[in-house]
Amino acid sequence: MKNQSTFFLVVLSSVIASAQSFIGAWERDFTGENGDTFKSVAIFTDNFKSVATYNETKGEFIETSGGTWKVFGDTMTEKVEFDTTNPSLVNSKNTFKVAVTDSIFSILGTDVQFKRIDDGLPGKLQGAWLMSGRRTNGETQLRNTDTPRKTMKILSGTRFQWIAYNTETKEFMGTGGGTYTTKNNKYTEQIKFFSRDKSRVGATLSFNYNLVDGNWHHSGLSSKGEPIFEIWSLRK
């Protein structure tokens, strides 16, 4: 019994270590036939992941997908919550072989290989968050985060992506992402892609942020210059 327990703990520790090694942001660069540079950025938190591809040369959003994930040994399983290229895959599970080191993440049997950007640090807001409320004219309106219609923002230590989608209808409403910093209670984004309006690419937006009872209070001016006060809650 003692040997079985020891074996179980060794296996469990290996699984946890393998899962932890994916946490953070990863990047893949490739060149199109016309010479344009494309980037794919993958963000992994403890339970959720996203991958977004965009044309860096032209500032055009190409595609995104993501959902929940887990890894056991060299096998990763994901349950798709959004997929702009193949919406029919939403709510399905995919399983594939992977390999990971401190600096490289590969999908085995393909030429897909990502280089590490960060390991979740410094990451004051690292994690997957759901829009859970807004404050307008001093009044707070809370939102049920358990519904199929979600607005999620997923952050590594230095990268962010937000995605609006519906797992019931398999509808995708929009996304954007790029880099971010958190300094002196200022959350600052630099937009690298934006599905709704590529003219916003390159913009830098700065907001006030505070963590209140575990919730992220986010206020300032939107990309349209309109005042916003949003409340975000960590996904479990």
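This structure is a prediction, so every number in the text was calculated from the model and none was measured.

In this fold, asparagine 166 is placed in strand 12 (residues 159–166). Take asparagine 166: its relative accessible area is 12%, and that puts it in the buried class. Setting aside its immediate chain neighbours within four residues, asparagine 166 contacts Pro148, Arg149, Glu171 and Met173.

The next point concerns the environment of serine 65. Positionally, serine 65 belongs in strand 4 (residues 60–72). Taking the C-alpha atoms as reference points, serine 65 and serine 50, separated by 15 residues in sequence, lie 5.8 Å from one another.

Turning next to the pairing of strand 4. Where strand 3 (residues 48–55) and strand 4 come together, eight bridges link them in antiparallel fashion. Looking at the pairing, valine 51 lines up with serine 65 of strand 4. Once strand 3 ends, the chain turns through four residues before running back antiparallel as strand 4, passing glycine 59 with a positive phi of about 70°. Relative to strand 5 (residues 75–83), strand 4 runs antiparallel, the two sharing eight bridges. In the sheet register, glycine 66 faces strand 5, and the bridge partner there is phenylalanine 82.

Once that is clear, we can look at the packing of aromatic side chains. All told, the structure shown has 18 aromatic pairs when counted by the stated rule. Between tyrosine 54 and phenylalanine 193 the ring centres are 5.2 Å apart and the planes differ by 25°, which places this aromatic pair in the stacked class. Here the residue tyrosine 54 occupies a position in strand 3, and phenylalanine 193 occupies one in strand 14 (residues 186–194), the gap between them amounting to 139 residues. Seen in terms of ring centroids, tyrosine 187 and tryptophan 216 are 5.2 Å apart; in terms of plane orientation they differ by 70°. Their pairing is edge-to-face. Here tyrosine 187, found in strand 14, pairs with tryptophan 216, found in strand 16 (residues 215–221); they are 29 residues apart in sequence, far enough to count as distant. What makes tyrosine 187 buried here is its relative accessible area of 0%. Through pairs of rings, three or more aromatic residues link up here, namely Phe22, Trp26, Phe44, Trp69, Phe105 and Phe114. Positioned above the aromatic ring of phenylalanine 229, the side-chain terminus of arginine 135 is 4.2 Å from the ring centre.

We now examine the confidence of the model for the chain. Overall, the prediction assigns the chain a mean pLDDT of 91, with 92% of residues at 70 or greater. Taken together, the stretch residues 4–17 has pLDDT below 50 and engages in three contacts with residues farther than four places along the chain or on a different chain.

Here we take up unusual backbone geometry. Of note, the bond from leucine 121 into proline 122 is cis; its omega dihedral lies within 30 degrees of zero at 0°. Mapped onto the secondary structure, proline 122 falls in the loop between strand 8 (113–118) and strand 9 (127–136). Of note, asparagine 91 is a non-glycine position whose phi angle comes to about 80°, a positive value. Within the secondary structure layout, asparagine 91 lies in the loop between strand 5 and strand 6 (93–100). The phi dihedral of lysine 170 is positive, around 65°, even though this residue is not glycine. Note that lysine 170 resides in the loop between strand 12 and strand 13 (171–183).

Here we take up the environment of valine 41. Along the chain, the position of valine 41 falls in strand 2 (residues 37–44). On the basis of relative accessibility, which here comes to 10%, the residue valine 41 falls in the buried class. Residues valine 41 and arginine 159, 118 residues apart in the sequence, show an inter-C-alpha distance of 8.6 Å.

What the eight strands build is a closed barrel, ordered 1-2-3-4-5-6-7-8; its pairing is antiparallel. Recorded for the sheet is a direction-independent mean angle of 35° between the axes of neighbouring strands. Across three bridges, the pairing between strand 1 (residues 24–31) and strand 8 is antiparallel. Bridging across to strand 8, alanine 25 finds its partner in aspartate 118.

The rules behind the values
- Residues numbered from 1 in each chain as written.
- Predicted model: local features only at pLDDT ≥ 70, side-chain atom pairs only at ≥ 80, totals over all residues.
- Heavy atoms only, no water.
- Helix = DSSP H or I, 4+ residues; strand = E, 2+ residues; numbered from the N terminus.
- Buried < 20%, exposed > 50% of the residue type's maximum accessible area, 1.4 Å probe, protein only.
- Contact = heavy atoms within 4.5 Å.
- Pairing = 2+ DSSP bridges.
- Phe/Tyr/Trp six-rings, centres within 6.5 Å; stacked < 30°, edge-to-face > 60°.
- Lys NZ or Arg CZ within 6 Å of the ring centre and 35° of its normal.
- pLDDT = per-residue confidence, 0-100.
- Axes fitted to C-alpha atoms, helices over the stretch in contact; angles between N-to-C directions.

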